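Here is how the chains run, residue by residue.
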Amino acid sequence: MPRETGRKLVAQNKRARYDYHIDDTWEAGMVLQGTEVKSLRAGRASLVDGYAVVRDGEVWLMGVHIPEYTQGTWTNHEPRRPRKLLLHRREISRLVGMTQEQGLTLIPLSLYFKDGKAKVEIGLGRGKRTHDKRQDIAKREAKRDMERAVRHRSRPASRRAGA
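For clarity, every value in this text was computed on a predicted model and none was experimentally measured. (Residues numbered from 1 in each chain as written. Predicted model: local features only at pLDDT ≥ 70, side-chain atom pairs only at ≥ 80, totals over all residues. Heavy atoms only, no water.)

Engineer: Lay out the overall build of the protein chain with the relevant residues and their values.
Structural biologist: The helix and strand inventory of the protein chain stands at 5 helices and 7 strands. Starting at the N terminus and walking to the C terminus, you meet the elements of the protein chain as β-α-β-α-β-β-β-α-β-β-α-α. Radius of gyration (C-alpha) of the protein chain: 21 Å, far over the 15 Å computed for a compact globule of 163 residues. Projecting the C-alpha coordinates of the protein chain onto the three principal axes gives extents of approximately 65 × 45 × 25 Å. Burial statistics for the protein chain: of 163 residues in total, 32% are counted as buried. Pairs at least 24 apart in sequence give 69% of the contacts found in the protein chain among residues at least 6 apart. With the model as given, the accessible surface of the protein chain reaches about 10,900 Å², and the carbon-plus-sulfur share is 49%. (Helix = DSSP H or I, 4+ residues; strand = E, 2+ residues; numbered from the N terminus. Rg over C-alpha atoms; globule rule 2.2 N^0.38 Å. Buried < 20%, exposed > 50% of the residue type's maximum accessible area, 1.4 Å probe, protein only. Contact = heavy atoms within 4.5 Å. Areas by Shrake-Rupley, 256 points an atom, 1.4 Å probe, with all protein chains shown as cover.)

This is the structure:
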């Protein structure tokens, strides 16, 4: 059987970029049990309530929901158990310094397989306030309106009249 190559997205936390200003991102490996890997390969996971913490020089992923494998037996895993993340020592020490700063947190952005290994992309985020979210929505809508106007202008006059 050939080895798996490339990147296969399993889950993405779209809410994270809406709720947080993401300053920096890291790719980390995950310590998983066999039934967790099988459940992920089936494309089932949720990063919505997830966050990461640094404890005793190790980074832990908390609150990520990987549902039980349907064909698993008594060896099945717990869906919301803490999972250890694999990072280099200097990356962890850098994260310790940054997360001690007020208002910064580690958020999982996406969960994927890269060359057959389960990876998670974590981001260092600062929480957005309500007016920041409104500004982002206004910018996105303005950009959409501009693109629509440019598309409308580039069409020939005969097609604009509704013919």
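Engineer: Which residues make up helix α2 (residues 34–41), and what are the values?
Structural biologist: In an α-helix, one turn spans 3.6 residues; hence positions three or four apart end up facing the same way. Along α2, the positions that sit buried rather than exposed are T35, E36, S39 and L40. Within α2, the buried residues cover an arc of 140° as seen down the axis, which keeps them to one side. Where α2 is buried, its residues touch β1 (7–12), β5 (83–86), β6 (104–114) and β7 (117–127). G43 sits one or two residues past α2 and shows a positive phi near 85°. (Arc of directions from axis to C-beta.)

Engineer: Can you tell me about the packing of aromatic side chains, naming the residues and giving the values?
Structural biologist: Taken as a whole, this structure holds 0 aromatic pairs when the rule is applied. In this arrangement the basic side chain of R7 is found over the ring face of Y112, its NZ or CZ atom lying 3.7 Å from the centre. The ring centre of F113 lies 4.2 Å from the NZ or CZ of R41, which sits over that ring. (Phe/Tyr/Trp six-rings, centres within 6.5 Å; stacked < 30°, edge-to-face > 60°. Lys NZ or Arg CZ within 6 Å of the ring centre and 35° of its normal.)

Engineer: Which residues make up the environment of R3, and what values go with them?
Structural biologist: With respect to the element layout, R3 can be found in the segment before β1. Classification of R3 by relative accessible area gives exposed; the value is 67%. The sequence separation of R3 and G116 amounts to 113 residues, and the corresponding C-alpha distance is 7.3 Å. Ignoring any residue separated from it by four or fewer positions in sequence, one finds R3 in contact with D115 and K117.

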